[in-house]
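Listed below, chain by chain, are the residues.
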Amino acid sequence: MARRRLLLLLKPFDVLPTNQSENNFHFRNPKLLQVLKYLDNRRLVHKEAINFCQSILRKKLVDWEAVYRFNLSQPIRGVDLVVTIGGDGTLLQASHFVDNSIPVLGVNSDPTQAKEVEEYSEEFDASRSTGFLCAATVKNFEQIIDDILESRVRPSEVSRMSVTLNSKQLSPYALNDVLIAHPCPATVSRFSFRTKKEEQSCSSLVHCRSSGLRVSTAAGSTAAMLSAGGFAMPILSKDLQYIVREPIAPGAYNSLMHGIVKPEELMDIAWYCKEGLIYIDGSHLVHSVQHGDIIELSSNAPTLKVFLPSHLIS
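Calculation rules
Residues numbered from 1 in each chain as written. Predicted model: local features only at pLDDT ≥ 70, side-chain atom pairs only at ≥ 80, totals over all residues. Heavy atoms only, no water. 1 Å grid on protein atoms, 1.4 Å probe; cavity = no way out; pocket = protein on both sides within 12 Å on 5 of 7 lines; lining within 4 Å. Points joined across faces, edges and corners; volume = space filled by probe spheres on them. Nonpolar A, V, L, I, M, F, W, Y, C, P; charged D, E, K, R; others polar. Buried < 20%, exposed > 50% of the residue type's maximum accessible area, 1.4 Å probe, protein only. Helix = DSSP H or I, 4+ residues; strand = E, 2+ residues; numbered from the N terminus. Pairing = 2+ DSSP bridges. Axes fitted to C-alpha atoms, helices over the stretch in contact; angles between N-to-C directions. Contact = heavy atoms within 4.5 Å. Domains from an automatic or database assignment. Buried area = accessible area lost by both parts, 1.4 Å probe. Salt bridge = Lys/Arg side-chain N within 4 Å of Asp/Glu carboxyl O. Polar contact = N/O pair within 3.5 Å; in protein donor to acceptor, adjacent residues only side chain to side chain.

Caption draft 1: Quick peek at empty space enclosed by the protein. Applying the stated criterion across every chain, the model contains one cavity of 30 Å³ or more. There is about 60 Å³ of room inside the largest cavity. Along its surface, the largest cavity is lined by K11, P12, F13, D14, R42, R43, H46 and D110. When grouped by side-chain class, the residues that make up the lining of the largest cavity number two nonpolar, one polar and five charged.

This is the structure:
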(Lines give C-alpha, C1' and ligand atoms only; values in the text may rest on other atoms or scores of the structure.)
Protein backbone atom coordinates (compact mmCIF):
# COMPACT_ATOMS: atom_id res chain seq x y z
CA MET A 1 0.00 0.00 0.00
CA ALA A 2 1.41 3.40 -1.01
CA ARG A 3 2.20 5.90 1.73
CA ARG A 4 -0.52 8.49 2.24
CA ARG A 5 0.14 12.18 2.79
CA LEU A 6 -1.75 13.85 5.65
CA LEU A 7 -2.02 17.40 6.92
CA LEU A 8 -2.74 17.86 10.62
CA LEU A 9 -4.46 21.18 11.26
CA LEU A 10 -4.20 22.11 14.94
CA LYS A 11 -6.16 24.42 17.17
CA PRO A 12 -3.64 26.65 19.00
CA PHE A 13 -3.21 26.48 22.76
CA ASP A 14 -4.99 29.09 24.87
CA VAL A 15 -2.69 31.52 26.68
CA LEU A 16 -3.30 31.70 30.42
CA PRO A 17 -1.96 34.10 33.08
CA THR A 18 1.52 33.08 34.23
CA ASN A 19 2.07 35.45 37.17
CA GLN A 20 1.22 33.25 40.15
CA SER A 21 2.36 35.70 42.80
CA GLU A 22 0.30 35.60 45.99
CA ASN A 23 -0.46 39.28 45.42
CA ASN A 24 -2.01 38.56 42.02
CA PHE A 25 -5.78 39.10 42.27
CA HIS A 26 -6.58 36.02 40.17
CA PHE A 27 -4.80 33.74 42.63
CA ARG A 28 -6.43 35.26 45.71
CA ASN A 29 -9.95 34.79 44.33
CA PRO A 30 -11.18 31.18 44.79
CA LYS A 31 -13.76 31.33 41.99
CA LEU A 32 -11.35 32.80 39.47
CA LEU A 33 -8.71 30.30 40.51
CA GLN A 34 -11.21 27.51 39.87
CA VAL A 35 -11.91 28.85 36.38
CA LEU A 36 -8.20 29.15 35.64
CA LYS A 37 -7.60 25.57 36.73
CA TYR A 38 -10.44 24.45 34.47
CA LEU A 39 -9.00 26.38 31.51
CA ASP A 40 -5.52 25.03 32.20
CA ASN A 41 -6.93 21.52 32.22
CA ARG A 42 -8.57 22.19 28.84
CA ARG A 43 -5.21 23.31 27.46
CA LEU A 44 -3.53 20.19 28.85
CA VAL A 45 -6.20 17.82 27.49
CA HIS A 46 -5.91 19.43 24.05
CA LYS A 47 -2.11 19.17 24.10
CA GLU A 48 -2.28 15.51 25.12
CA ALA A 49 -4.75 14.79 22.32
CA ILE A 50 -2.35 16.28 19.75
CA ASN A 51 0.54 14.24 21.12
CA PHE A 52 -1.59 11.08 21.16
CA CYS A 53 -2.77 11.46 17.55
CA GLN A 54 0.77 12.14 16.37
CA SER A 55 2.06 9.06 18.21
CA ILE A 56 -0.58 6.93 16.45
CA LEU A 57 0.34 8.33 13.04
CA ARG A 58 4.02 7.57 13.59
CA LYS A 59 3.07 3.88 13.59
CA LYS A 60 1.16 4.11 10.30
CA LEU A 61 2.22 4.06 6.67
CA VAL A 62 1.73 7.81 6.31
CA ASP A 63 3.71 11.01 5.92
CA TRP A 64 2.27 13.95 7.79
CA GLU A 65 2.88 17.58 8.60
CA ALA A 66 1.34 19.53 11.47
CA VAL A 67 0.26 23.17 11.01
CA TYR A 68 -1.47 25.49 13.49
CA ARG A 69 -4.64 26.86 11.97
CA PHE A 70 -3.57 30.51 12.32
CA ASN A 71 -0.66 29.74 9.95
CA LEU A 72 -2.96 28.49 7.20
CA SER A 73 -3.22 31.04 4.41
CA GLN A 74 -3.07 29.12 1.12
CA PRO A 75 -5.32 26.42 -0.39
CA ILE A 76 -4.46 22.93 0.83
CA ARG A 77 -3.11 20.76 -1.97
CA GLY A 78 -1.00 17.64 -2.42
CA VAL A 79 -2.39 15.65 0.51
CA ASP A 80 -4.75 12.68 0.73
CA LEU A 81 -6.44 13.65 3.99
CA VAL A 82 -6.73 16.62 6.33
CA VAL A 83 -7.02 15.74 10.02
CA THR A 84 -8.20 18.61 12.22
CA ILE A 85 -7.45 18.41 15.95
CA GLY A 86 -9.52 20.81 18.00
CA GLY A 87 -13.25 21.15 17.52
CA ASP A 88 -15.82 22.30 14.98
CA GLY A 89 -14.03 25.66 14.59
CA THR A 90 -10.84 23.99 13.41
CA LEU A 91 -12.76 21.77 10.97
CA LEU A 92 -14.64 24.84 9.78
CA GLN A 93 -11.39 26.64 9.04
CA ALA A 94 -10.05 23.63 7.15
CA SER A 95 -13.17 23.68 4.97
CA HIS A 96 -12.25 27.16 3.74
CA PHE A 97 -8.97 25.87 2.28
CA VAL A 98 -9.96 22.57 0.65
CA ASP A 99 -11.88 21.76 -2.51
CA ASN A 100 -14.05 18.68 -2.89
CA SER A 101 -11.14 16.37 -3.72
CA ILE A 102 -9.55 16.20 -0.24
CA PRO A 103 -11.54 14.63 2.61
CA VAL A 104 -11.44 15.96 6.17
CA LEU A 105 -11.51 14.07 9.47
CA GLY A 106 -12.28 16.04 12.60
CA VAL A 107 -10.85 15.00 15.97
CA ASN A 108 -12.59 16.53 18.98
CA SER A 109 -9.59 17.03 21.25
CA ASP A 110 -11.51 18.20 24.33
CA PRO A 111 -15.09 16.86 24.47
CA THR A 112 -17.58 18.28 26.93
CA GLN A 113 -17.88 16.18 30.10
CA ALA A 114 -21.47 16.06 31.37
CA LYS A 115 -20.43 15.37 34.96
CA GLU A 116 -18.12 18.38 34.98
CA VAL A 117 -20.80 20.67 33.53
CA GLU A 118 -23.19 19.58 36.28
CA GLU A 119 -20.57 19.96 39.01
CA TYR A 120 -19.76 23.56 38.12
CA SER A 121 -23.23 24.63 36.94
CA GLU A 122 -23.63 27.11 39.81
CA GLU A 123 -20.18 28.62 39.26
CA PHE A 124 -19.55 28.91 35.50
CA ASP A 125 -20.24 27.25 32.14
CA ALA A 126 -17.91 24.24 32.05
CA SER A 127 -18.87 23.17 28.51
CA ARG A 128 -15.89 22.14 26.43
CA SER A 129 -15.91 21.35 22.70
CA THR A 130 -19.15 20.27 21.01
CA GLY A 131 -17.44 18.62 18.04
CA PHE A 132 -20.72 18.15 16.17
CA LEU A 133 -18.95 17.34 12.89
CA CYS A 134 -16.00 15.52 14.45
CA ALA A 135 -16.07 11.74 13.96
CA ALA A 136 -13.09 11.02 16.23
CA THR A 137 -11.79 11.55 19.74
CA VAL A 138 -8.65 10.08 21.27
CA LYS A 139 -10.77 7.06 22.24
CA ASN A 140 -11.47 5.96 18.66
CA PHE A 141 -8.88 7.85 16.59
CA GLU A 142 -6.71 4.84 15.77
CA GLN A 143 -9.68 2.71 14.71
CA ILE A 144 -11.06 5.44 12.46
CA ILE A 145 -7.70 6.28 10.89
CA ASP A 146 -7.17 2.57 10.17
CA ASP A 147 -10.62 2.35 8.58
CA ILE A 148 -9.82 5.36 6.39
CA LEU A 149 -6.37 4.16 5.35
CA GLU A 150 -7.74 0.71 4.49
CA SER A 151 -10.75 2.19 2.62
CA ARG A 152 -13.30 0.58 4.92
CA VAL A 153 -15.19 3.86 5.27
CA ARG A 154 -16.00 6.62 2.81
CA PRO A 155 -16.48 10.33 3.47
CA SER A 156 -19.88 11.95 3.21
CA GLU A 157 -20.45 14.93 0.94
CA VAL A 158 -21.77 17.87 2.92
CA SER A 159 -23.34 20.85 1.20
CA ARG A 160 -21.69 24.27 1.18
CA MET A 161 -23.11 27.67 0.24
CA SER A 162 -22.11 29.96 -2.60
CA VAL A 163 -22.17 33.72 -1.93
CA THR A 164 -22.00 36.26 -4.76
CA LEU A 165 -21.95 40.05 -4.44
CA ASN A 166 -22.99 41.94 -7.57
CA SER A 167 -22.34 38.72 -9.56
CA LYS A 168 -18.81 38.35 -8.13
CA GLN A 169 -18.09 35.10 -6.28
CA LEU A 170 -17.00 35.70 -2.69
CA SER A 171 -14.53 33.46 -0.93
CA PRO A 172 -14.74 31.11 0.83
CA TYR A 173 -17.78 28.90 0.35
CA ALA A 174 -19.74 28.76 3.61
CA LEU A 175 -19.96 25.44 5.42
CA ASN A 176 -22.18 26.68 8.28
CA ASP A 177 -23.98 29.93 7.60
CA VAL A 178 -24.05 33.48 6.33
CA LEU A 179 -25.25 36.50 8.28
CA ILE A 180 -26.06 39.76 6.49
CA ALA A 181 -26.58 42.74 8.79
CA HIS A 182 -25.80 46.37 9.51
CA PRO A 183 -22.39 46.78 11.26
CA CYS A 184 -24.16 48.25 14.30
CA PRO A 185 -26.43 45.66 15.94
CA ALA A 186 -28.73 48.43 17.22
CA THR A 187 -29.35 49.77 13.69
CA VAL A 188 -32.18 48.52 11.51
CA SER A 189 -31.16 46.47 8.48
CA ARG A 190 -33.27 47.22 5.39
CA PHE A 191 -33.34 44.74 2.53
CA SER A 192 -35.63 42.84 0.17
CA PHE A 193 -35.38 39.22 -0.91
CA ARG A 194 -36.99 36.58 -3.06
CA THR A 195 -36.17 33.09 -4.26
CA LYS A 196 -35.50 32.48 -7.94
CA LYS A 197 -35.11 29.54 -10.28
CA GLU A 198 -33.52 29.92 -13.71
CA GLU A 199 -34.07 33.70 -13.55
CA GLN A 200 -37.77 33.19 -12.77
CA SER A 201 -39.16 34.27 -9.39
CA CYS A 202 -40.34 31.45 -7.15
CA SER A 203 -41.67 33.73 -4.42
CA SER A 204 -42.97 37.23 -3.90
CA LEU A 205 -40.53 40.05 -3.20
CA VAL A 206 -40.32 40.38 0.59
CA HIS A 207 -39.40 43.79 2.07
CA CYS A 208 -37.73 43.67 5.48
CA ARG A 209 -36.77 45.93 8.32
CA SER A 210 -35.03 43.81 10.90
CA SER A 211 -31.69 43.10 12.57
CA GLY A 212 -30.48 41.13 9.57
CA LEU A 213 -30.82 37.88 7.66
CA ARG A 214 -29.26 34.52 8.49
CA VAL A 215 -29.00 31.67 5.99
CA SER A 216 -27.59 28.27 6.89
CA THR A 217 -26.62 24.99 5.30
CA ALA A 218 -27.68 21.66 6.77
CA ALA A 219 -24.39 21.51 8.70
CA GLY A 220 -25.02 24.94 10.19
CA SER A 221 -28.69 24.39 11.00
CA THR A 222 -27.90 23.09 14.51
CA ALA A 223 -25.86 26.17 15.43
CA ALA A 224 -27.04 29.80 15.40
CA MET A 225 -29.97 28.95 13.12
CA LEU A 226 -31.42 26.56 15.69
CA SER A 227 -30.88 29.10 18.48
CA ALA A 228 -32.72 31.73 16.43
CA GLY A 229 -35.83 29.56 16.09
CA GLY A 230 -34.95 27.48 13.04
CA PHE A 231 -34.90 23.70 12.87
CA ALA A 232 -32.19 21.06 12.53
CA MET A 233 -31.93 19.67 9.00
CA PRO A 234 -30.68 16.23 7.92
CA ILE A 235 -26.90 16.58 7.62
CA LEU A 236 -26.82 15.53 3.95
CA SER A 237 -29.63 17.85 2.86
CA LYS A 238 -28.81 20.20 -0.01
CA ASP A 239 -31.43 22.74 1.10
CA LEU A 240 -30.60 26.10 2.62
CA GLN A 241 -32.64 27.50 5.52
CA TYR A 242 -33.17 31.22 6.11
CA ILE A 243 -34.59 33.28 8.94
CA VAL A 244 -35.10 37.03 9.21
CA ARG A 245 -33.73 38.19 12.56
CA GLU A 246 -36.17 40.16 14.71
CA PRO A 247 -38.41 41.46 11.91
CA ILE A 248 -40.17 44.75 12.57
CA ALA A 249 -43.93 44.56 11.87
CA PRO A 250 -43.69 41.83 9.20
CA GLY A 251 -47.46 42.01 8.66
CA ALA A 252 -48.55 40.04 5.59
CA TYR A 253 -44.96 38.80 5.16
CA ASN A 254 -44.91 37.04 8.55
CA SER A 255 -45.06 33.53 7.09
CA LEU A 256 -42.15 34.37 4.78
CA MET A 257 -39.73 35.38 7.54
CA HIS A 258 -38.48 31.79 7.80
CA GLY A 259 -38.17 29.26 5.00
CA ILE A 260 -36.22 26.98 2.72
CA VAL A 261 -34.24 27.54 -0.48
CA LYS A 262 -34.22 24.36 -2.57
CA PRO A 263 -31.04 23.16 -4.36
CA GLU A 264 -32.32 24.29 -7.77
CA GLU A 265 -33.13 27.78 -6.40
CA LEU A 266 -31.16 30.80 -5.27
CA MET A 267 -31.91 33.57 -2.82
CA ASP A 268 -31.70 37.05 -4.31
CA ILE A 269 -31.19 39.86 -1.76
CA ALA A 270 -31.16 43.61 -2.42
CA TRP A 271 -29.48 45.69 0.31
CA TYR A 272 -30.99 49.11 1.15
CA CYS A 273 -28.79 50.45 3.95
CA LYS A 274 -25.86 52.82 3.47
CA GLU A 275 -23.58 50.09 4.79
CA GLY A 276 -23.70 46.45 5.76
CA LEU A 277 -21.59 43.36 6.32
CA ILE A 278 -21.69 39.78 5.08
CA TYR A 279 -20.31 37.39 7.72
CA ILE A 280 -19.28 33.98 6.38
CA ASP A 281 -19.05 31.19 8.96
CA GLY A 282 -18.69 33.49 11.95
CA SER A 283 -17.04 36.83 12.59
CA HIS A 284 -13.60 36.36 11.01
CA LEU A 285 -14.54 36.38 7.31
CA VAL A 286 -16.36 39.60 6.49
CA HIS A 287 -17.28 41.40 3.25
CA SER A 288 -18.74 44.93 3.06
CA VAL A 289 -21.95 45.81 1.22
CA GLN A 290 -23.58 49.12 0.45
CA HIS A 291 -26.91 50.52 -0.72
CA GLY A 292 -28.10 48.91 -3.93
CA ASP A 293 -25.83 45.86 -3.80
CA ILE A 294 -27.27 42.50 -4.86
CA ILE A 295 -26.32 39.35 -2.94
CA GLU A 296 -27.11 35.85 -4.19
CA LEU A 297 -26.97 32.75 -2.02
CA SER A 298 -27.33 29.16 -3.23
CA SER A 299 -26.15 25.61 -2.56
CA ASN A 300 -24.53 25.59 -6.00
CA ALA A 301 -21.06 25.12 -4.50
CA PRO A 302 -18.48 22.33 -4.24
CA THR A 303 -19.40 19.92 -1.47
CA LEU A 304 -17.05 19.15 1.41
CA LYS A 305 -15.94 15.55 1.81
CA VAL A 306 -15.92 14.84 5.53
CA PHE A 307 -15.91 11.73 7.68
CA LEU A 308 -18.95 12.27 9.88
CA PRO A 309 -19.92 10.75 13.25
CA SER A 310 -21.92 7.60 12.62
CA HIS A 311 -25.01 8.89 14.48
CA LEU A 312 -25.39 11.73 11.95
CA ILE A 313 -25.62 9.44 8.94
CA SER A 314 -27.20 6.28 10.35
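Read on for the rest.
Caption draft 2: Seen up close, the pairing of strand β1 (residues 4–10). Most of β1 is tucked away: five of the seven residues are buried. Pairing geometry for β1 and strand β2 (residues 62–68), over seven bridges, is parallel. The residue bridging L8 from the neighbouring strand is A66, located in β2. Pairing of β1 with strand β3 (residues 81–86) involves five bridges; the strand directions are parallel. Following the sheet pairing, L10 is matched in β3 by I85.

Caption draft 3: Molecular detail of the sheet that holds strand β4 (residues 104–108). Sheet architecture is open: six strands sit in the order β2-β1-β3-β4-β19-β5, paired in mixed fashion. Looking at strand neighbours, the two that pair on one side only are β2 and β5 (156–158), the edges of this open sheet. Going across the sheet, the axis of each strand differs from the next one's by a mean of 30°, ignoring polarity. Of the pairings in the sheet, the one linking β5 to strand β19 (residues 304–307) comprises three bridges and is antiparallel in character. By the bridge assignment, S156 is partnered in β19 with V306. Relative to β3, helix α2 (residues 88–95) is tilted by about 150°, and along the sheet it contacts β1, β3, β4 and β19.

Caption draft 4: Seen up close, the domain arrangement of the chain. Per the domain assignment, the segments of the chain are domain 1 (5–19 + 28–154) and domain 2 (160–301). Between domain 1 and domain 2, the residue contacts involve nine residues of the former and ten residues of the latter. For the domain 1 face of the interface with domain 2, the top three residues by lost area are L92, H96 and F132, together amounting to 63%. Applying the counting rule to domain 1 against domain 2 returns zero salt bridges. Counting every contact that joins domain 1 to domain 2 gives three residue pairs in polar contact (both at pLDDT 80 or more). Residue composition of the side of domain 1 that touches domain 2, by class: five nonpolar, three polar and one charged.

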